[in-house]
Amino acid sequence: MTATPLQPGRKQQVIRVIARLAGAGAKTAGWDNARHGLPQAPPTVSDRLAALLGRRRSDAMDGTVASVTDDDYWAAFPDLLTSTDLARILRVGRPAVLARLKRGTIPGHQIGGSWIIFKAEIRAWLASTSNQAPATPPAPVDVLASYPEEMTYRDLMVLFGKTKQTIYAWLQTGVIPASHAANRWIIFKAQLRPFLDKTSNQVRDDD
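Residues numbered from 1 in each chain as written. Predicted model: local features only at pLDDT ≥ 70, side-chain atom pairs only at ≥ 80, totals over all residues. Heavy atoms only, no water.

So, about the sheet that holds strand S6 (residues 184-188). In space, the 3 strands of this open sheet follow the order S4-S6-S5, with antiparallel pairing throughout. In this open sheet, the two edge strands, each paired with only one partner strand, are strand S4 (150-151) and strand S5 (179-181). Relative to S6, S5 runs antiparallel, the two being bridged by 3 bridges. Counted as the bridge partner of serine 179 is isoleucine 186 from S6. Most of the contacts of helix H9 (residues 189-199) go to S6, to which it runs at about 65°, and overall it touches S4 and S6. (Pairing = 2+ DSSP bridges. Helix = DSSP H or I, 4+ residues; strand = E, 2+ residues; numbered from the N terminus. Contact = heavy atoms within 4.5 Å. Axes fitted to C-alpha atoms, helices over the stretch in contact; angles between N-to-C directions.)

Now the structure itself:
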């Protein structure tokens, strides 16, 4: 798939976000775990964006990043976004993000009292709001495409970014549709699709 170059305004926004997060990451670095033989924490969004800035920095005198693409930018974020990630992307406060999720302005799913925000849905939503093309509804996104037809609790842990304890609580209380057979939970993707539609905060044609 060919990477889409960033539009000039978007490119400058990406540069500012990367620079700001790179500075924030440097302030919290502190202790060198690798040098002292301690486990290293997984890279944060700030770390990934800072690394992107380092890889893509141009030699141009004006300091622009000539080869940053939209795919580069989004690759720095996990498939499941937090409200803090979304606040960084939209350059608004976290309370504003939560308020817009409740209103359905920003696409998300409310499951078990938590907001589940899929990067693919946010990216499609932002693309639909671009002023470079006629306004269209967000492109359909299938967040279950890479999962098997019969899913396990481990699949749900990855999909929803929750612990085993939370997923089991959701299964045992019927928050998520599933079958309990032979002492194991089986989640059928065919049942999970309508569940995700039901938990979405987006207005549907059949409402």
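The next point concerns the pattern of salt bridges. Counting across every chain of the model gives 5 salt bridges. A salt bridge links aspartate 70 to arginine 123; its shortest N-O distance comes to 3.8 Å. Of this pair, aspartate 70 sits in helix H3 (residues 70-75) while arginine 123 sits in helix H6 (residues 119-128); the two residues are 53 residues apart in sequence, bridging distant segments of the chain. Here the salt bridges do not stand alone but share partners, grouping Asp70, Asp71 and Arg123 into one network. (Salt bridge = Lys/Arg side-chain N within 4 Å of Asp/Glu carboxyl O.)

The biggest cluster of nonpolar side chains holds 20 residues, and the ones touching the most others in it are Leu156, Leu159, Phe160 and Leu192. Looking at this core, the element that brings in the most residues is helix H7 (residues 153-160), giving 4 residues. When neighbours within four sequence positions are excluded, leucine 159 is seen to be in contact with Leu80, Phe118, Val143, Leu144, Tyr147, Met151 and Leu192. Counting residues in hydrophobic clusters, the runner-up holds 16 residues, among them Trp74, Val97, Trp115 and Ile122. (Core = buried A, V, L, I, M, F, W, Y, C linked by side-chain atoms within 4.5 Å. Buried < 20%, exposed > 50% of the residue type's maximum accessible area, 1.4 Å probe, protein only.)

Let us now look at the packing of H7 against helix H8 (residues 164-172). The contact between H7 and H8 brings their axes to 9 Å, and the two run at 110°. Of the possible angle classes, the one that applies to H7 and H8 is roughly perpendicular. Between H7 and H8 lies a crossing of right-handed hand. Along its contact with H7, which presents Tyr153, Leu156, Met157 and Phe160, the element H8 presents Lys164, Ile167, Tyr168, Trp170 and Leu171. Partitioning the contact of H7 with H8 into residue classes produces 8 nonpolar, no polar and 1 charged. (Parallel < 35°, antiparallel > 145°, perpendicular 65-115°, else oblique. Left-handed = near helix turned anticlockwise from the far one by under 90°. Nonpolar A, V, L, I, M, F, W, Y, C, P; charged D, E, K, R; others polar.)

A few words on the sheet that holds strand S2 (residues 109-111). A sheet is described by the order of its strands in space; here 3 strands give the open sequence S1-S3-S2, paired in antiparallel fashion. Strands at the two margins of the open sheet, each flanked by one partner only, are strand S1 (80-81) and S2. As judged from the 2 bridges shared by S1 and strand S3 (residues 114-118), these two strands associate in the antiparallel manner. The residue bridging leucine 81 from the neighbouring strand is isoleucine 117, located in S3. Where H7 meets the sheet, its contacts fall on S1, S2 and S3, and the angle it forms with S3 comes to roughly 80°.

On to the side chain of histidine 109, then. Tracing the backbone through its elements, the reader meets histidine 109 in strand S2. One polar contact links histidine 109 to glutamate 121, side chain to side chain, over a distance of 3.1 Å. The contact partners of histidine 109, leaving out residues within four places of it in the chain, are Ser114, Trp115, Ile116, Phe118, Glu121, Leu196, Thr199 and Ser200. (Polar contact = N/O pair within 3.5 Å; in protein donor to acceptor, adjacent residues only side chain to side chain.)

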